[in-house]
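Residues per chain are reported as follows:
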Amino acid sequence: IATTASLVRAYPIFIRYGEEVLGEDISAISIPLEDFYLYTLGKNEVVSELERKTGKKVLPQGLSGLYALREEENVGEKVLLLDGGMRTLNCAVVNGEEVEFCKSFYDEVSVSVLLSYFRQLLEEKYHEIPTTRGLIEKIFEKGELNSGFTKVDVQEEKEKAIELFTERFLELVEREFSSLHHDFEQIVLVGGISYYVRKE
């Protein structure tokens, strides 16, 4: 799923599958934060279209993570929220519960970019590696590559990929938000990417 339009088309299938696997009704779904924000400004109809199509409540990605974190941690009122997933990085300046600014990045600093760094490092060292992203993701998570009867430790390549990715991630955040006209007190990182970007 590379665009919100394709997400809207596919959501009914995802919901049916999810409900089948979970054995219970799904009450809410989410869309990229920028699309939700544009909807609140009256610039698109994606939320009402999805609610009509699915009968589910539509929530913005990332904000639920921020709200959950605020229940457990001392998080400031004005934060730069960075929600990174497989293909997107959704960014917002949130003041309390109000979104003051929003921007999404596609395929620039996402989990798929991290996995592409990892795959390149593997290709430099090993002759035969899987070509599908799903298999690369499993190798990345385990930190080992199964090659015939042997298991090869690829933790070094994993760490190097994370290092390269973190550098690119920080460059993008500094470039995009150092001269932003909305101030913030903290940066909150949620989503899949939060497992991989080093805290430092």
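That block above? That's the structure.
As a starting point, this report considers the structure included with it. Bear in mind that the values here come from a model prediction, so they are computed numbers and not experimental data.

**Describing the overall build of the protein**
The helix and strand inventory of the protein stands at seven helices and eight strands. C-alpha atoms of the protein, sized along the principal axes, occupy 55 × 45 × 30 Å. With 200 residues in all, the protein has 44% of them scored as buried. For the protein, the share of sequence-separated contacts (at least 6 apart) that also reach a separation of at least 24 residues comes to 59%. A total of about 11,900 Å² of accessible surface is found on the protein, and carbon and sulfur atoms cover 49% of it. Within the protein, one finds 23 positive and 37 negative side-chain charges whose respective centroids are separated by 5 Å.

**Let's talk about the sheet that holds strand E3 (residues 78–84)**
Across the sheet, four strands lie side by side as E5-E4-E3-E8; this open sheet has mixed pairing. The open sheet has two edge strands, strand E5 (98–106) and strand E8 (186–190), and neither has a second partner. Averaged over all neighbouring strand pairs, the angle between strand axes comes to 15 degrees, with direction disregarded. One ladder, built from five bridges, connects E3 with E8; its direction is parallel. Within E8, the residue paired with Leu 80 across the bridge is Ile 187. With respect to the sheet, helix H2 (residues 33–40) is in contact with E3, strand E4 (88–95) and E5, its orientation differing from that of E5 by roughly 135 degrees.

Basis of the calculations
Residues numbered from 1 in each chain as written. Predicted model: local features only at pLDDT ≥ 70, side-chain atom pairs only at ≥ 80, totals over all residues. Heavy atoms only, no water. Helix = DSSP H or I, 4+ residues; strand = E, 2+ residues; numbered from the N terminus. Buried < 20%, exposed > 50% of the residue type's maximum accessible area, 1.4 Å probe, protein only. Contact = heavy atoms within 4.5 Å. Areas by Shrake-Rupley, 256 points an atom, 1.4 Å probe, with all protein chains shown as cover. Lys, Arg positive; Asp, Glu negative; His and termini not counted. Charge placed at Lys NZ, Arg CZ, Asp CG, Glu CD. Pairing = 2+ DSSP bridges. Axes fitted to C-alpha atoms, helices over the stretch in contact; angles between N-to-C directions.

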